[in-house]
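A closer look at the structure
Below, each chain spelled out in residue letters.
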Amino acid sequence: MLKAENIHFAYGGSPVLQGLDLEALDGDIVGVVGPNGTGKTTLLRLISGVLSPSQGRVYVCGKDLALLNAAERARLVSVVPQSPMLPLSFRVLDLVLMGRTPHLKLLQWEGPRDLEIARKTMEMTDIWSLANRHIGSLSGGERQRALVALALTQEAPVMLLDEPTSSLDLAHQTGIMDLVRNVQRDQGGAVVVAMHDLTLAAQYCDRIVILSEGRCFAQGTPDAVLTRENISRVYGAEVFILPHPQGATPVVLPVSEGQRRNGGQTGKS
């Protein structure tokens, strides 16, 4: 579904990504993690076609994004950005219908089929009851669901999410990730999600890519990638790694200064 090969990118001559490779197969949820400033958001912008790599290629469904126009790219890749500026006076339905724009001709209005697609995605994301509410009246969790519905309405085979849980409380974090996983299982396609929360990434992602200094430091299953050694080298932090009580995915717990003084060095490597 998605293949990024030897991606290089720099801002003002300062390298951000250097020789990065990434793949996502149909049915994959791939998590991209790493410290601040390692290029997670830049990578998503390159995959979406908003930015162009100085070297390397991005392919979606076998098509080179560099050879496509904006509408063609939008039919292949949808994006849920981090903290976007939203039209607060828009109705939720109007926002979600914007996902149909890549499928419409110039000056063409949405038709009954477009409305039906929007209705189905809003039912999937549990916001159909909010259709006539203004965006400005929604809670943070409701806005995130509206953005996911907007992306789903594009009917693109690849979805990118940039820190979709960063501003949400615990219940809404799991709610959004449950939603993404369930919809992806129902509809297929590939999902790439940039995340800070390593435990949440381990719980929901099939594979994880750790970025460090613009390069792929490690990638693989959560168990293989989220080790104490890897996290120490990339984040400079000491952690405990414990198995989740349901599913045994890694749970990453930071070690406090007091625990270090007391020699609390349990957990697997």
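Read on for a plain summary of the structure. All chains use their own residue numbering, which begins from 1 and follows the written sequence. Local features in a predicted model are, by the rule used here, given only for residues with pLDDT of at least 70; side-chain atom pairs are given and counted only at 80 or more, and totals for whole chains, interfaces and linings are based on all residues. As a rule here, side-chain values cover all heavy atoms of the structure and leave hydrogens and water aside.

Description of the sheet that holds strand 10 (residues 215–220)
Read from one edge to the other, the open sheet built from 6 strands follows the order 6-7-8-3-9-10, with strand pairing classed as mixed. The sheet is open, and its two borders are formed by strand 6 (77–80) and strand 10, each paired with just one other strand. Neighbour to neighbour, the strand axes of the sheet diverge by 20 degrees on average, direction disregarded. Sheet topology note: the strand 9 (residues 207–212)/strand 10 ladder contains 5 bridges and is antiparallel. Its bridge partner lying in strand 10, Ser212 is registered against Arg215. Whether two residues touch is decided by their heavy atoms; if any such pair falls within 4.5 Å, the residues are in contact. Axis geometry follows a simple rule: fit a line to the C-alpha atoms, using only the stretch in contact for helices, then measure angles between N-to-C directions, giving values from 0 to 180 degrees. Helix and strand assignments follow DSSP, with helices taken as H or I runs no shorter than four residues and strands as E runs no shorter than two, numbered in order from the N terminus. Most of the contacts of helix 6 (residues 170–187) go to strand 8 (residues 190–194), to which it runs at about 160 degrees, and overall it touches strand 3 (29–33), strand 7 (158–162) and strand 8. A pair of strands is labelled paired if DSSP reports no fewer than 2 bridges between them.

Comments concerning the packing of aromatic side chains
Working definition: rings of Phe, Tyr and Trp (its six-membered ring) pair if their centres are within 6.5 Å, and the pair is stacked with planes under 30 degrees apart, edge-to-face with planes over 60 apart, and tilted otherwise. This model, assessed by the stated rule, comprises 1 aromatic pair. Note on Phe9 and Tyr11: the rings are 4.8 Å apart at their centroids and 85 degrees apart in plane angle, and the pair reads as edge-to-face. Only protein chains enter the accessibility calculation, which uses a 1.4 Å probe; a residue is then buried when its area is under 20% of its type maximum, exposed when over 50%, and partly exposed in between. On the basis of relative accessible area, Phe9 is assigned to the buried category, the value being 10%. Look at Tyr11 and you get partly exposed, because its relative accessible area is 38%.

As for the side chain of Asp64
Tracing the backbone through its elements, the reader meets Asp64 in strand 5 (residues 63–64). For this analysis, a polar contact is any N or O atom pair within 3.5 Å, provided that within protein one partner can donate a hydrogen and the other can accept it, and provided that sequence-adjacent residues contribute only side-chain to side-chain pairs. A distance of 3.0 Å separates the side chain of Asp64 from the backbone nitrogen of Ala66, its partner in a polar contact.

A few points about the sheet that holds strand 4 (residues 55–60)
Strand order in the open sheet made by the 4 strands is 2-1-4-5, with antiparallel pairing throughout. Looking at the sheet topology across the chains shown, the edges are occupied by strand 2 (14–24) and strand 5.

A closer look at the environment of Leu168
Relative to the assigned elements, Leu168 resides in the loop between strand 7 and helix 6. Expressed as a C-alpha distance, the spacing of Leu168 and Gln144, which sit 24 residues apart in the sequence, is 8.9 Å. The residues touching Leu168, leaving out its near neighbours within four places in the chain, are Gly140, Gly141, Gln144, Gln173 and Ile176.

Observations concerning the pattern of salt bridges
Put simply, a salt bridge is a Lys or Arg side-chain nitrogen that is within 4 Å of an Asp or Glu carboxyl oxygen. Taken as a whole, this structure holds 12 salt bridges when the rule is applied. Through salt bridges with shared partners, a single network forms among Arg100, Arg113, Asp114 and Glu155.

With respect to the packing of helix 4 (residues 112–124) against helix 5 (residues 140–153)
Packing of helix 4 against helix 5 leaves a shortest axis separation of 9 Å and a crossing angle of 140 degrees. On the basis of the axis angle, helix 4 is oblique to helix 5. Between helix 4 and helix 5 lies a crossing whose hand is right-handed. In this structure, helix 4 contributes Ile117, Ala118, Thr121 and Met122 to the contact, and helix 5 contributes Ala149, Leu152 and Thr153. Each angle is binned into one of four classes, with values under 35 degrees roughly parallel, values over 145 roughly antiparallel, values of 65 to 115 roughly perpendicular, and all other values oblique. In this scheme the crossing of two helices becomes right-handed for a clockwise turn of the near helix relative to the far one and left-handed for an anticlockwise turn of less than a right angle.

Re the nonpolar core
Residues grouped as a nonpolar core are buried Ala, Val, Leu, Ile, Met, Phe, Trp, Tyr and Cys residues, joined through side-chain atoms within 4.5 Å. Residues Val92, Met122, Ile127 and Ile208 are the most contacted members of the largest nonpolar core, which totals 49 residues. With 7 residues, the top contributor of residues to this core is helix 5. Core analysis: the next-biggest nonpolar cluster, separate from the first, contains 29 residues, Leu44, Ile47, Val77 and Ala190 among them.

Here we look at helix 9 (residues 228–235)
All of the buried residues along helix 9 are Asn230, Ile231 and Val234. Buried residues along helix 9 cover an arc of 95 degrees about the axis, so they all sit on one side. The exposed set on the far side of helix 9, more than 90 degrees from its buried face, consists of Glu229 and Arg233. The elements touched by buried residues of helix 9 are helix 7 (198–204), strand 9, strand 10, helix 8 (222–225), strand 11 (239–243) and strand 12 (250–254). Trailing helix 9 by a residue or two, Gly236 shows a phi angle of about 65 degrees, which is positive. Taking the helix axis as origin, the arc is that swept by the directions to the C-beta atoms.

A look at the pairing of strand 8
Of all 5 residues in strand 8, 5 are buried, a share of seventy percent or more. The side-chain alternation of strand 8 yields two buried faces, one formed by Ala190, Val192 and Ala194 and the other by Val191 and Val193. The pairing of strand 3 with strand 8 spans 4 bridges and is parallel. Residue pairing for strand 8: Gly31 is matched across the bridge by Val193.

These figures come from the coordinates and say nothing about function on their own.
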